[in-house]
Amino acid sequence: MTPAGSLDHGVATGRPAPASPHSWKRAVRSVRSFKVFAGALVVALTIYLVNGLVGVVSPDSAWGIGYGIGATALLLAALAYAVRRRTLSARTVGPSRTYLLIHLYGGTLFLVLALMHSGFAMPQAPLTGILWLLGIWVVGTGVLGVLLQKWCAAALGQLTTEVQLVRIPELVEQTRAQAEEVARTAGGVLGDLYASELAGAMRTPTFRWRSFAGFVDDQAARFEYVRAMVPPERHESLEALRRLVRAKAEMDVHFALQTMLRKWLWVHVPTAVVLAAVLGLHIFVTLYY
Ligand code: HEM
């Protein structure tokens, strides 16, 4: 999100964020954590290689059980983030950012160890087969979520406004009422322009896929075209209307991107809960039968 410059009816306005140079260090959330993750990945894969050379690759060998225990510990560590998010006021248990980093990197390593546990092949038994698929789904959707978050943050950073999803309907209504008042007071070409071309787009928050490509439907070309037909004494009203249409168009971009970020959680979180439950069942079945 852009830093807020001023507040206008709950829509924060600011300068577009400067473009940042592309490098892998900017792409990762924490260089130190990424290095720890990369080191752990190399260690895990080296152990697996040695295992293949000197021992048997099987889930019930000592090596395989070790990978299974490691994967379970990493899944629990990833889940600790969900607990930390619900106990944000607790200060003694460390910053929630640390839990998020453990979630992202630990969650990815979970899949690596789970795949090592199964010998990188899909298990034939139904329960372990489901567990395997759930692991891939949860981590796959997790990685997609991180990419989506980065994409949306970059797109929203280009806007001059900041607004929370829950407030968008109310703010759109306020903007529509203001725009209608400007058009009504100005009358003439502006009144006609508003009634025939703009009113429909001002009514409700609009989800557009093009918003993900940074498209802001601010009708700039239309305003330029109409400017020559509007008498000079109405130019102030024209600019006021242009700003309101732009504000609504930016709210539409927030609406599309923030809606998608919220919906994405539905493909990641419920399956993660099922994954934890099925893993618990798998451990129970393995220990008692
Ligand atoms: C062991 C596997 C994983 C489990 C069980 C799991 C579970 C969860 C749960 C329960 C949440 C919701 C947290 C909350 O808001 O209460 C969550 C959020 C999230 N997960 Fe995962 N996850 C796993 C792996 C991953 C991986 C590998 C990634 C990406 C590399 C990832 C990315 C995310 C992201 C980006 C969020 C939203 C974070 C936020 O903005 O608050 N997850 N996950």
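Worth saying up front: this structure is predicted, and the values here are computed from it rather than measured. (Residues numbered from 1 in each chain as written. Predicted model: local features only at pLDDT ≥ 70, side-chain atom pairs only at ≥ 80, totals over all residues.)

(A) Quick peek at the overall build of the protein. Each helix and strand counted, the protein has 9 helices and 3 strands in total. Radius of gyration (C-alpha) of the protein: 26 Å, far over the 19 Å computed for a compact globule of 289 residues. Counting only C-alpha atoms, the protein reaches 85 × 35 × 35 Å along its principal axes. A burial count over the protein gives 26% of its 289 residues as buried. Considering only contacts in the protein between residues 6 or more positions apart, those separated by 24 or more positions represent 79%. (Helix = DSSP H or I, 4+ residues; strand = E, 2+ residues; numbered from the N terminus. Rg over C-alpha atoms; globule rule 2.2 N^0.38 Å. Buried ≥ 20, exposed ≤ 12 C-beta atoms within 10 Å, placed from the backbone. Contact = placed C-beta atoms within 7 Å.)

(B) Summary view of the packing of helix H6 (residues 168-186) against helix H7 (residues 188-202). Interaxial distance between H6 and H7 falls to 7 Å at its minimum, and their mutual angle equals 160°. It follows that H6 is roughly antiparallel to H7 by the angle criterion. Judged by the twist between their axes, the crossing of H6 over H7 is left-handed. Every residue of H7 that contacts H6 at Thr175, Arg176, Ala179, Ala183, Arg184 and Ala186 is listed here: Gly188, Leu190, Gly191, Tyr194 and Met202. Of the residues contributing to the contact of H6 with H7, the split by class is 6 nonpolar, 3 polar and 2 charged. (Axes fitted to C-alpha atoms, helices over the stretch in contact; angles between N-to-C directions. Parallel < 35°, antiparallel > 145°, perpendicular 65-115°, else oblique. Left-handed = near helix turned anticlockwise from the far one by under 90°. Nonpolar A, V, L, I, M, F, W, Y, C, P; charged D, E, K, R; others polar.)

(C) Inspection of helix H2 (residues 31-54) at higher detail. The end-to-end C-alpha distance of H2, which contains 24 residues, comes to 34 Å, matching closely the 34 Å that a straight helix rising 1.5 Å per residue would cover. Of all 24 residues in H2, 1 are buried; the element is thus mostly exposed. (Expected span 1.5 Å × (residues − 1).)

(D) Just the site of the ligand, in detail. The local shell around the ligand holds 23 residues, among which Ala78, Ala82, Gly107, Gly142 and Ala272 are the closest. Of all the secondary structure elements, the ones that give two or more residues to the shell around the ligand are helix H3 (62-85), helix H4 (96-117), helix H5 (126-157) and helix H9 (235-288). Among the elements that take part in the shell around the ligand, H5 stands out by supplying 7 residues, more than any other. Looking at the shell around the ligand, its residues break down into 15 nonpolar, 7 polar and 1 charged. (Near = placed C-beta within 6 Å.)

(E) Seen up close, the domain arrangement of the protein. In terms of domains, the protein is made up of domain 1 (30-143 + 266-288) and domain 2 (161-262). Relative to domain 2, the C-alpha centre of domain 1 lies at a distance of 47 Å. (Domains from an automatic or database assignment.)

(F) Up close: the nonpolar core. Grouped together as the largest cluster of nonpolar side chains are 27 residues, with contacts concentrated most on Ala179, Ala183, Leu190, Tyr194, Leu241 and Met251. Counting residues per element, the ones that place at least two in this core are H5, H6, H7 and H9. A per-element tally of this core places H9 first, with 11 residues. Contact partners of Leu241, with chain neighbours within four places excluded, come to Ala179, Val182, Ala183, Leu190 and Tyr194. (Core = buried A, V, L, I, M, F, W, Y, C linked by C-beta atoms within 7 Å.)

(G) Structural detail: H3. With 24 residues, H3 should reach 34 Å at 1.5 Å per residue; the first-to-last C-alpha distance of 36 Å fits that figure. Those residues of H3 not exposed but buried are Trp63, Tyr67, Gly68, Gly70, Ala71, Leu74, Leu75, Ala78 and Arg84. Those residues of H3 hidden inside the fold are in contact with H2, H4 and H9.

(H) Main features of the confidence of the model for the protein. Across the protein, pLDDT averages 91, with 92% of residues at or above 70. Low pLDDT, under 50, characterises residues 1-19; the stretch is placed with 39 contacts to residues that sit more than four places away or in other chains. (pLDDT = per-residue confidence, 0-100.)

(I) Representation of the environment of Tyr99 in the model. Tracing the backbone shows Tyr99 in helix H4. Ignoring any residue separated from it by four or fewer positions in sequence, one finds Tyr99 in contact with Ala80, Tyr81 and Arg84.

(J) Up close: the packing of H6 against H9. Two elements in contact, H6 and H9, have axes whose closest approach is 10 Å; the angle formed by their N-to-C orientations is 160°. In terms of axis orientation, H6 runs roughly antiparallel to H9. For the crossing formed where H6 meets H9, the hand is left-handed. Along its contact with H6, which presents Ile168, Leu171, Val172, Thr175, Gln178, Ala179, Val182, Ala183, Thr185 and Ala186, the element H9 presents Ser237, Ala240, Leu241, Leu244, Val245, Ala247, Lys248, Met251, His254 and Phe255. When grouped by side-chain class, the residues that make up the contact of H6 with H9 number 14 nonpolar, 5 polar and 1 charged.

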